[in-house]
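Each chain, written out:
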Amino acid sequence: MNRPHVGFYVHYHGLGHKHRAEAIMRHLDCDCTVITSRCGDAAWSGKHLIDVMDLPSDIDDVPDHGYRHRQEVPALHYAPLWTSNITARVAAYTGWLQDAKPDLMVVDVSAEISMLTRLASIPQVVVRQHGRRDDDAHHNAYAAAISLLAPFPESWEDDITPSWVRQKTIYLNGFRREPEKAPQTIPQHERPTVVVMFGRGGHADAHAPLRSAANECPDFQWLVIGLDDDEHHPAGPANLSFLGWQESPQDIYRHADVVVTAAGHNSVMEIGSYRRPMIAIAQDRPFDEQIRKARILDREGLAVGLSRWPEAGSWPRLLDRARRLDTSQWDRVFQEDGAQQAASYLTSTAQWAAKQKRSQTETSPCPSA
């Protein structure tokens, strides 16, 4: 029997969506096509990945007079006018749906792609994210899906989520973006270590707050990943080191006494998988995504969750609180492999969808988790 064909729409903002798709595709027993923008020529991996399609980007070459109309349609997040890139993007995507006729689409994430997929009569699973997503565009995308995939356990659900969204959601345990690597030599430090993690393109204005934090906590060695030292400022303090970009940051933070990170989903899951005491600081993201996630992590006792960078003088208390966290609570989050759970669910759903497409009889219920 031929394998079902699953398409993955992977949003181009950052690398988190890419890593999530690849983690699932490692286990997925379906032929897969990735549809994305701006990163189609990157190295992609998947057990049965057959193609990567690079759509024209919807944020390139948008005329100013058209950009002003981008939020006039409540059912969509982004719909500027007079943008040839978007016209070509819609044509390329719907043309691929016509030619490939995938059995199932996984949309991570785009309200516009979700609407196009449903209008093209293709069943889809929409990936959820944390945040205040009570706008029309999100609700319409959720309604257009046959089910929703949450890359987090049900215990992480937000109390602002409507019951109909919860009922439609398939919850997953935690998973890493790639299999755990063999541990490297444990670094030796005279003092307990605080590892501060920044993503690509760390903020230059973080140097002064970091120097202040290290001065507040002289009994800790502070190691900063993802940010180079600022050569325009005097060196110091002695317990602060800027390590720049690291290809394998887990070799550094896996033994840290406390890890300080943004409250982004992949960073939080990666650090949690090593059971490290964590301080998760929300960065400014649409729909308060990281603010809501930081609150949930704090509520569940999995991290010290903060809505913004701490005020001066608060670091000793925060580090003490983080070190008293019971990191064994992460065992429940990683009780099973969430990527395998997702792959199993998507495989059965794609098989169901393929059967329904061939059938001339009444539709059978969609598989549940």
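Quick look at the structure, then. (Residues numbered from 1 in each chain as written. Predicted model: local features only at pLDDT ≥ 70, side-chain atom pairs only at ≥ 80, totals over all residues. Heavy atoms only, no water.)

**Some thoughts on the overall build of the protein chain**
Thinking step 1. Secondary structure assignment for the protein chain yields 13 helices and 13 strands.
Thinking step 2. Relative to the compact-globule value of 21 Å for 369 residues, the protein chain shows a C-alpha radius of gyration of 22 Å, a close match.
Thinking step 3. Taking the principal axes of the C-alpha coordinates as reference, the protein chain spans close to 70 × 50 × 35 Å.
Thinking step 4. Counting across all 369 residues of the protein chain, residues that qualify as buried make up 52%.
Thinking step 5. Contacts spanning at least 24 positions in sequence make up 59% of the contacts within the protein chain whose residues lie at least 6 apart.
Thinking step 6. For the protein chain, the computed accessible surface area is about 17700 Å², with 49% contributed by carbon and sulfur atoms.
Thinking step 7. Of the side chains in the protein chain, 39 bear a positive and 48 a negative charge, and the two mean positions are spaced by 4 Å. (Helix = DSSP H or I, 4+ residues; strand = E, 2+ residues; numbered from the N terminus. Rg over C-alpha atoms; globule rule 2.2 N^0.38 Å. Buried < 20%, exposed > 50% of the residue type's maximum accessible area, 1.4 Å probe, protein only. Contact = heavy atoms within 4.5 Å. Areas by Shrake-Rupley, 256 points an atom, 1.4 Å probe, with all protein chains shown as cover. Lys, Arg positive; Asp, Glu negative; His and termini not counted. Charge placed at Lys NZ, Arg CZ, Asp CG, Glu CD.)

**Concerning the sheet that holds strand S5 (residues 124-127)**
Thinking step 1. Strand order in this open sheet of seven strands is S3-S2-S1-S4-S5-S6-S7, and the pairing throughout is parallel. Here the strands that pair on one side only, and so sit at the sheet edges, are strand S3 (49-54) and strand S7 (169-171). Put simply, the sheet's adjacent strands are angled 20° from each other on average, direction ignored.
Thinking step 2. Two strands pair when backbone bridges link them, and strand S6 (residues 147-150) and S7 are joined in this way by three bridges, in the parallel orientation. Paired with Ala-150 across the bridge in S7 is Tyr-171. (Pairing = 2+ DSSP bridges. Axes fitted to C-alpha atoms, helices over the stretch in contact; angles between N-to-C directions.)

**Description of the sheet that holds strand S13 (residues 304-306)**
Thinking step 1. Here six strands make up an open sheet; going across it, the order is S10-S9-S8-S11-S12-S13 and the pairing parallel. With one partner strand each, in any of the chains shown, strand S10 (240-244) and S13 form the two edges of the open sheet. Within the sheet, the average angular offset between the axes of one strand and its neighbour, ignoring direction, is 15°.
Thinking step 2. Where strand S11 (residues 258-262) meets strand S12 (residues 278-281), four bridges bridge the pair, whose relative direction is parallel.

**Here we look at the pattern of salt bridges**
Thinking step 1. Counted under the stated rule, the structure contains 17 salt bridges.
Thinking step 2. Glu-22 is the partner of Lys-18 in a salt bridge, and the nearest nitrogen-oxygen pair spans 3.0 Å. In this pair, Lys-18 and Glu-22 both sit in helix H1 (residues 16-25), four residues apart, roughly one turn of the helix. Summarising the burial analysis for this pair, Lys-18 and Glu-22 share the class buried.
Thinking step 3. Taking the shortest distance from any N to any O, the salt bridge between Asp-298 and Arg-321 comes out at 2.6 Å. Separated by 23 residues along the polypeptide, Asp-298 in helix H10 (residues 289-299) and Arg-321 in helix H11 (residues 315-323) bring together distant segments of the chain. (Salt bridge = Lys/Arg side-chain N within 4 Å of Asp/Glu carboxyl O.)

**So, the side chain of Gln-129**
Thinking step 1. As for its placement among the helices and strands, Gln-129 is situated in the loop between S5 and helix H5 (136-144).
Thinking step 2. Setting aside its immediate chain neighbours within four residues, Gln-129 contacts His-17, Arg-20, Val-109 and Glu-289.

**Description of the pairing of S12**
Thinking step 1. Here S12 shows no split at all, with Met-278 and Ala-280 on one side and Ile-279 and Ile-281 on the other all buried.
Thinking step 2. Note that the unit made of S11, helix H9 (residues 265-273) and S12 has a crossover that is right-handed.
Thinking step 3. Inspection of the sheet shows S12 paired to S13 by three bridges, in the parallel sense. Looking at the pairing, Ile-281 lines up with Leu-306 of S13.
Thinking step 4. After leaving S12, the chain enters H10 and then returns to the sheet as S13, a path that is right-handed. (Right-handed = clockwise from strand over helix to strand, strands pointing away.)

**Notes on the packing of aromatic side chains**
Thinking step 1. Enumeration over the complete set of coordinates arrives at six aromatic pairs.
Thinking step 2. When the ring of Trp-309 is compared with that of Trp-315, the centres are 5.6 Å apart and the planes differ by 65°; the resulting orientation is edge-to-face.
Thinking step 3. A residue is classified by how much of its surface remains accessible, and Trp-309, at 30% relative accessible area, is partly exposed.
Thinking step 4. Centroid distance Trp-330 to Phe-334: 6.1 Å. Interplanar angle 35°. Geometry classified as tilted. The pair formed by Trp-330 and Phe-334 is uniform in burial state, with each residue classed as buried.
Thinking step 5. Connected via pairs of aromatic rings, a cluster forms that spans Trp-156, Trp-330 and Phe-334. (Phe/Tyr/Trp six-rings, centres within 6.5 Å; stacked < 30°, edge-to-face > 60°.)

**Some details on the side chain of His-138**
Thinking step 1. As for its position among the elements, His-138 is in helix H5.
Thinking step 2. Its relative accessible area of 10% is what places His-138 among the buried residues.
Thinking step 3. Side-chain polar atoms of His-138 contact the side chain of Arg-133, separated by 3.1 Å.
Thinking step 4. Excluding anything up to four places from it in sequence, His-138 contacts His-77, Arg-133 and Phe-287. (Polar contact = N/O pair within 3.5 Å; in protein donor to acceptor, adjacent residues only side chain to side chain.)

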